[in-house]
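# Structural features, examined
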Amino acid sequence: METTIPTSVSFDNVLGFELEVIGPKPGETRGDPVESGVELASNGLVHTGVWEVTPGTFPGVKDGICELMHFVAGRGTITGDDGTVTRIGPGVVMFTPDGWRGTWDVQETVRKTYVIVRTR
């Protein structure tokens, strides 16, 4: 079923959204990170939503998708396999292309909005 992607969502709404627990983050190497989220809209190709994860370290992989993330809460770093380190926190925007791989190290629960586009 095709849904309509919202044209705007306020900052307070993003921080206040009740998220559904997805579960423990697979592949964790430190801590017990748990992810939660809510999909706001999807048309099968483009997905938008709000996601958060509790502190811990875990791998990240983008296969068949690319993602634009806007962080609204929390603190941590994301290190790409190419060595690029991005400090994440409120106001940071990050793009990960199809094929990206790296490691998340979350020190303080991170919440972000996202747009994921299927590339294959």
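Check the entry above for the structure.
Definitions and cut-offs
Residues numbered from 1 in each chain as written. Predicted model: local features only at pLDDT ≥ 70, side-chain atom pairs only at ≥ 80, totals over all residues. Heavy atoms only, no water. Helix = DSSP H or I, 4+ residues; strand = E, 2+ residues; numbered from the N terminus. Rg over C-alpha atoms; globule rule 2.2 N^0.38 Å. Buried < 20%, exposed > 50% of the residue type's maximum accessible area, 1.4 Å probe, protein only. Contact = heavy atoms within 4.5 Å. Areas by Shrake-Rupley, 256 points an atom, 1.4 Å probe, with all protein chains shown as cover. Salt bridge = Lys/Arg side-chain N within 4 Å of Asp/Glu carboxyl O. Core = buried A, V, L, I, M, F, W, Y, C linked by side-chain atoms within 4.5 Å. 1 Å grid on protein atoms, 1.4 Å probe; cavity = no way out; pocket = protein on both sides within 12 Å on 5 of 7 lines; lining within 4 Å. Points joined across faces, edges and corners; volume = space filled by probe spheres on them. Nonpolar A, V, L, I, M, F, W, Y, C, P; charged D, E, K, R; others polar.

### Digging into the overall build of the protein chain
- Helix and strand counts for the protein chain come out as one helix and nine strands.
- Each helix and strand of the protein chain, placed in order from N terminus to C terminus, yields the pattern α-β-β-β-β-β-β-β-β-β.
- Relative to the globule expectation of 14 Å for 120 residues, the C-alpha radius of gyration of the protein chain, 14 Å, shows essentially globular dimensions.
- Within the protein chain, buried positions represent 41% of all 120 residues.
- Long-range contacts, defined here as pairs at least 24 residues apart, represent 65% of the contacts in the protein chain between residues at least 6 apart.
- For the protein chain, the computed accessible surface area is about 6700 Å², with 54% contributed by carbon and sulfur atoms.

### Some thoughts on the pattern of salt bridges
- One pass over the full model with this rule turns up eight salt bridges.
- We note a salt bridge from Lys 112 to Glu 67, for which the minimum N-O separation is 2.8 Å. A residue pair is termed long-range when its members are at least 10 positions apart, and Lys 112 in strand β9 (residues 101-118) and Glu 67 in strand β6 (residues 65-80) qualify at 45 residues. Here the two residues Lys 112 and Glu 67 agree in accessibility, since each one is buried.
- When the shortest N-O distance is used, the salt bridge between Glu 108 and Arg 75 registers 4.0 Å. Within this pair, whereas Glu 108 is found in strand β9, its partner Arg 75 is found in strand β6, the two being separated by 33 residues in sequence.
- Linked through salt bridges whose partners overlap, the residues forming this network are Lys 62, Glu 67 and Lys 112.

### Focus: the nonpolar core
- Counting residues in each nonpolar core, the largest one holds 15 residues, and the members touching the most others are Phe 71, Ile 78 and Trp 104.
- For this core, the elements supplying multiple residues, two or more each, are β4 (46-53), β6 and β9.
- If one sorts the elements of this core by residue count, β9 sits on top with five residues.
- With residues near it in sequence (within four places) discarded, Phe 71 still touches Ile 78, Ile 88, Gly 89, Pro 90, Gly 91, Val 92, Met 94, Trp 104, Val 110, Arg 111 and Lys 112.

### Quick word on the layout of surface pockets
- There is about 340 Å³ of room inside the largest pocket.
- If you go around the largest pocket, you meet 18 residues; those closest to its centre are Glu 35, Trp 51, Lys 62, Glu 67 and Ile 116.
- Mapped onto the lining of the largest pocket, the elements with two or more residues apiece are β3 (34-42), β4, β5 (56-61), β6 and β9.
- For the lining of the largest pocket, the element with the highest residue contribution is β9, accounting for five residues.
- Among the residues forming the lining of the largest pocket, the class breakdown is nine nonpolar, two polar and seven charged.

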